[in-house]
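Here's the letter readout for the chains.
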Amino acid sequence: MKLVKAKKYLGQHFLNNNNMAEKITNFLSYNNYQHLLEIGPGMGILTKHILNKDIDFHLIEIDSESVLYLNEKFPDLKKNIIEGDFLKFDLVNHFKNKVAIIGNFPYNISSQILFRVWENHDKVNEVVGMFQKEVADRVLSLKGRKRGILSVLIQAFFDIEHCLDLEPNYFSPPPKVQSTVIKITRNNRVSLECSKKLFKQIVKSAYNQRRKTLRNALKSYNLETRPIIEPLLQLRAEQLSVDDFIKITQNAEKA
Ligand code: SAH
């Protein structure tokens, strides 16, 4: 079979080590979900280690050259190979039950993949994904300067575990950055107990002005007259926990 030529604009860095590929797929728990979706299977180095598992397995790949390759290599999966852009894919309607996601993700869209996981927290129960190390560190970070919007959003509904770090030479062509596999598991928070949309807006406003105290960063939300959150308003975004942001959002709803 003719190998797929790596295309930079699609973030194609193919894993070149089969043992490592197997190790990564072994982080899947096959627990609490009925469907599994691989994003960006490329030439299927992860795919082949999942193929024989007892799970409803689907692939989504944007590159038509890769799709041709996959159809030929995995004829049994053919009806589950979707040619398309994950960011435009209707996850909720495509899968009836809970789903897990795996992938050596294209780094140019990895944050957007995580935003979609956040949006679909009711549907997605697990993610095992390869990220640029910096993004993984941010999602893992519980405190301090590495924390960002995505850390708070994802941590609100998921537990995050570090799985593996990979040097660039595990990929062809090698990326310019270090890579990290993390595992994201749905936690037991049923709901935020405040508007999810407003929560996201407030987290964004706070982090977009991260040097300011929340009193200043969140001025437009009319929070200042509420003594219960007064101590929080003296802090900066990166000092707040998920629960602190929930408290602020609940107050903004009442304001
Ligand atoms: N899993 C393979 C390939 C990883 S490279 C391996 O480990 O070797 C990232 C893959 O994501 C590429 O195959 C690329 O074509 C695909 N991709 C890029 N953008 C995508 C998108 N928006 N939706 C689905 N797949 C995408």
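The coordinates are above.
No experiment lies behind these values; they were computed from the predicted model shown.

Visitor: I keep staring at the site of the ligand and nothing clicks. Help me out?
Guide: Taken together, 21 residues lie around the ligand, and Q12, G40, E61, D85 and N104 are the ones closest in. In the model, an oxygen atom of the ligand is placed 2.8 Å from a nitrogen or oxygen of the Q12 side chain. A distance of 2.5 Å separates an oxygen atom of the ligand from a polar atom in the side chain of E61. Coverage of the ligand by the protein amounts to 98% of the 570 Å² it exposes when considered alone. Taking a 2 Å distance to the grid points as the criterion, the majority of the atoms of the ligand fall inside the largest pocket. For the shell around the ligand, the secondary structure elements donating two or more residues are β1 (14-15) and β3 (56-61).

Visitor: What is the right way to read the sheet that holds strand β9 (residues 179-186) from this model?
Guide: The strands making up a sheet associate through hydrogen bonds between their backbones, and the pairing can be parallel or antiparallel. One open sheet accounts for 7 strands, arranged β4-β3-β2-β5-β6-β9-β7; its pairing is mixed. Every other strand in the sheet has two partners, leaving β4 (81-83) and β7 (158-166) as the edge strands with one partner each. With direction set aside, neighbouring strand axes in the sheet form an average angle of 20°. The sheet contact formed by strand β6 (residues 124-132) and β9 spans 7 bridges and is antiparallel. Bridging from a neighbouring strand, E126 pairs with T185 of β9. The strands that helix α1 (residues 18-25) touches are β5 (99-104), β6, β7 and β9; relative to β7, the one it contacts most, it runs at about 170°.

Visitor: Whenever I open this one, the pattern of salt bridges confuses me. Can you help?
Guide: Between side chains of opposite charge, a pair can form as their charged atoms come close. Scanning the model with the defined rule gives 7 salt bridges in all. In this structure, K7 engages D63 in a salt bridge whose closest nitrogen and oxygen atoms are separated by 3.0 Å. Pair noted here: K7 is in the segment before β1 and D63 is in the loop between β3 and α2 (64-73), with a separation of 56 residues, a long-range link. Per residue, the accessibility class of K7 equals that of D63, and both read buried. Here K7 ties to E65 by a salt bridge, and the two come within 2.7 Å at their closest N and O atoms. Of the two residues, K7 is situated in the segment before β1 and E65 in helix α2; the sequence distance between them amounts to 58 residues. Linked through salt bridges whose partners overlap, the residues forming this network are K7, D63 and E65.

Scoring rules and cut-offs
- Residues numbered from 1 in each chain as written.
- Predicted model: local features only at pLDDT ≥ 70, side-chain atom pairs only at ≥ 80, totals over all residues.
- Heavy atoms only, no water.
- Near = heavy atom within 4 Å.
- Polar contact = N/O pair within 3.5 Å; in protein donor to acceptor, adjacent residues only side chain to side chain.
- Areas by Shrake-Rupley, 256 points an atom, 1.4 Å probe, with all protein chains shown as cover.
- 1 Å grid on protein atoms, 1.4 Å probe; cavity = no way out; pocket = protein on both sides within 12 Å on 5 of 7 lines; lining within 4 Å.
- Sits in = over half its atoms within 2 Å of the grid points.
- Helix = DSSP H or I, 4+ residues; strand = E, 2+ residues; numbered from the N terminus.
- Pairing = 2+ DSSP bridges.
- Axes fitted to C-alpha atoms, helices over the stretch in contact; angles between N-to-C directions.
- Contact = heavy atoms within 4.5 Å.
- Salt bridge = Lys/Arg side-chain N within 4 Å of Asp/Glu carboxyl O.
- Buried < 20%, exposed > 50% of the residue type's maximum accessible area, 1.4 Å probe, protein only.

Keep in mind these numbers describe shape, not what the thing actually does.
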